[in-house]
Amino acid sequence: MAKKACVQKHWRVVASTTPRLLLLITTFLLLLLMGTRVANRTTFAGNTVGSFEIDGNLSVDHLVPPSEPIDWDSSPFPAALTTFTDKTGSTDDIFGQGSKENDQSSWVCTTGSAPPKDDVVNEISVNGAPPIAGEIAFRFFPASGVQKQFLYANWSRLSNNGDAHIDYEFNQADPSTNRVSGCPQLPLRTPGDFLIAFDTQFGGAVIGVSAFTWNGTTFVPLSVGSQGILWDAAVNTVPSITGLTATGTNLFGELALNVTDTIGEIPCNKVLFVSMKTRASTSLSAELKDRTRVRPANFTIFNPAGANASGNALAAGVHDTLLGINLALPAATPATCTQGVCSSQSGIGSTSSSNQVLSVAVPPSGGSVLKANVLSASSTSTVDSTTNTATDTGVAESAGVNLVGGLVTADVVRAVASAQASGFNSSFSSAGSSFNNLVVNGTQLNNVNPNTTIDLPAAQFGAGSFVKLDEEIGSSSQPPSGQLAGGTFAADLIVNMIRVHITGLALTGEAIDVVVSHAQAHADFPQPAGCPSLVGTVSGNATIVNEQTNPSQLPLVVGFVGIPPQGGHDHQDLDQLSTSLVSGGTSVSDSAGTILTSSSQSSSVAKAQNVCVLPVNGICTAAAASAIISQANSSSGSGISSSDAQGTSLLGLSVGGMSVADNPPPNTTILVPGIGSVTLNEQTCDGGGVPPCSGTTSSGIRVRAIHVIVDNPNVLGVPQGADVIVGEAHADSSHP
């Protein structure tokens, strides 16, 4: 106690004898620090760190275009933005006493009044929006010719009666699933979380920005270098600034940080959970005071304003050179449309058009080229800022169709073309396209595979005449691998359900072209800056029947659907099955695939009822089933790829007239005398082997419900070597 009194007495003597000297020294140091700060503002305010005006206000102050550098009032604001609000007073969300930043076990969340200097409040109003307490924003911007990721953040507080100590914490965990026991509104930390701290000293004359990463136990500092190089920060030095409700200096602060060269880039489309907190002093071990609620933040900057969707549809188009007919039905909608019914959308919004015509006859005198009861078409184009997608769907439906004097007839012909593009992928789909009771040149067709061509007799219709069914022309594109900006994801699809091409009709010599149920769709979406194209792939297909009776000829394929490598969806429904070797009831084939940022998935399904293989006089000599479902599923991502047959089911089975238990084990083979072999629930992995199928970056599986190989002489007249597959599904995926 005597020593302490002596020390206190000594400092009282020094203070009493040199007050003017201390005042002069203190003033000199403050001026020096403030002078350094002013020098930094002069040198670095503007655009050296992320092309942002770090000048202690919200307004864009540079007078000459272009739009860089930006500030909080830039409109449109070219960065992914997340805002925070917070109450003040007795109902404010705060930390209880003893809560330390570095120790979540000490956290107590409660309500009450935070100290004024540590109380973040809703004082910032940008472009007239309701006031908020703070913001964070991310974007990519070139630095030394290389795209870099930058973070911008700001805050406002109630009082400047002390220094500001603000933390922005970024967590991978969702507090709804991984919360702190004493503070359930905030997430429990996991390794890789990071924190950015903003600290002022001497009333804002000195500002420090620091970054830390959580290693599972504590926050470890990251190097952020010198101010003006990898980071910059400022507070308002003018008491009143536009957009700030409160009046007084050091009530508003802002920072810019080069994330790429400090924390490390945050992956595209990655969602983190972010909160603002305040501390009592500069140290991370200081007591926590105020807090905002957690906000999910996506750091990818989408540009739906630059997206486009367009398309058209027509129920029938007729061109006849002899009769001088060139007609599209229904009539153009809007009037500027040159291909039936059109829609187009550039930027956020949606447009659609539709039209129909009843009781059509072309030519009107007798309808020898086209007759139809109903011709309808619609087209819808949408750019959605919520899902960040551009989508176009065209639908054309024709009912009671009769073409070229009965050459082609159908009860219903429906075309669907859909294209979708996002900031990461593009795909197209013809799912929903169908025929009902289709007859071509006297032959009823219960199944039509995409791009089926039926040649017409030259003597009757002219050389080179044909009927093309379910014509599908689709494509998708994306930026080249490694490109990080300026690219576009796009998809296009044209569907013509019936196209009749006649070069010279007997007797009249007419050249006729007729299209029934045409739909076309296009969608494109700009590449988000700094985000490469998705690198995964998928494939999938499903078939109801694949029948090979002559190895020198192409197999007969029924109910085929398939998807392109970048994903999509295809679907087909059949009322009945009827081939030379298989009969059955209704069937469904479907294939879909999606590529995401971190994974790729695909799934294909083939379903059929009342299947009979090698029917003779009502007896299924090879195999029969009351219901079959073949399903193939594949998923890849995070260094793991797997494919399985979950969903596969075989019911009501018999082989060679003998009953077989439902859902037999994979690859059950039964020999049938006088025919050959029947394999049930056949499952194989891509590249060989049997399920489960697995790999690090890719895998695939093929599932066949019934596989019959005729390798014995037989009384049925089926050629040896005939190969019949019923219910086949394939799916594979790849992703690094």
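Let us look at the structure shown here.

Scanning the model with the defined rule gives 12 aromatic pairs in all. Aromatic pair Phe52 and Trp72: ring centres 5.1 Å apart, planes at 65 degrees, arrangement edge-to-face. In this pair, Phe52 sits in the loop between α2 (19-44) and β1 (80-84) while Trp72 sits in the loop between α2 and β1, placing the two residues 20 residues apart along the sequence. One exposure class covers both Phe52 and Trp72, and it is buried. On the basis of an interplanar angle of 55 degrees and a centroid distance of 4.1 Å, the ring pair of Phe138 and Phe299 is categorised as tilted. Residue Phe138 is located in strand β4 (residues 134-143), and its partner Phe299 is located in the loop between β16 (295-298) and β17 (308-320); the two are separated by 161 residues in the primary sequence. For the pair formed by Phe138 and Phe299, the shared burial category is buried. A cation over a ring is seen here: Arg189 above Trp214, with NZ or CZ 5.0 Å from the ring centre.

Attention shifts here to the state of the cysteines. Disulfide: a covalent bond connecting the sulfur atoms of a pair of cysteines. In total, this model carries 4 disulfides according to the counting rule given. Across the disulfide from Cys337 sits Cys342; the S-S distance is 1.8 Å. Looking along the S-S bond of the Cys337-Cys342 disulfide, the torsion reads about 55 degrees, which is the right-handed sense. An identical accessibility class is assigned to Cys337 and Cys342; each is buried. Residue pairing for Cys612: its cysteine sulfur links by disulfide to Cys620, the two sulfurs lying 2.0 Å apart. In this structure, the disulfide formed by Cys612 and Cys620 twists by about -130 degrees around the S-S bond and is classed as left-handed. Each member of the pair Cys612 and Cys620 is classed as buried.

This part is about the sheet that holds strand β5 (residues 146-156). The strands that make up a sheet are held in pairs by hydrogen bonds between backbone atoms, and each pair lies either parallel or antiparallel. The 5 strands are arranged β1-β4-β5-β13-β12 in an open sheet whose pairing can be described as antiparallel. Two strands bound the open sheet, and with one partner strand each, they are β1 and β12 (231-235). Pairwise comparison of adjacent strand axes, ignoring direction, gives a mean angle of 15 degrees for this sheet.

What follows is about the nonpolar core. Ranked by internal contacts, the top residues of the largest apolar core, which has 50 residues, are Leu403, Ile498 and Val500. Those residues in contact with Leu403 that sit more than four places away from it in its chain are Val369, Leu370, Val408, Ile498, Val500, Val514 and Val516. Ranked by size, the runner-up nonpolar core spans 34 residues in total, among them Val611, Leu653, Ile675 and Ala722.

Cut-offs and rules
- Residues numbered from 1 in each chain as written.
- Predicted model: local features only at pLDDT ≥ 70, side-chain atom pairs only at ≥ 80, totals over all residues.
- Heavy atoms only, no water.
- Phe/Tyr/Trp six-rings, centres within 6.5 Å; stacked < 30°, edge-to-face > 60°.
- Helix = DSSP H or I, 4+ residues; strand = E, 2+ residues; numbered from the N terminus.
- Buried < 20%, exposed > 50% of the residue type's maximum accessible area, 1.4 Å probe, protein only.
- Lys NZ or Arg CZ within 6 Å of the ring centre and 35° of its normal.
- Disulfide = S-S within 2.5 Å.
- Pairing = 2+ DSSP bridges.
- Axes fitted to C-alpha atoms, helices over the stretch in contact; angles between N-to-C directions.
- Core = buried A, V, L, I, M, F, W, Y, C linked by side-chain atoms within 4.5 Å.
- Contact = heavy atoms within 4.5 Å.

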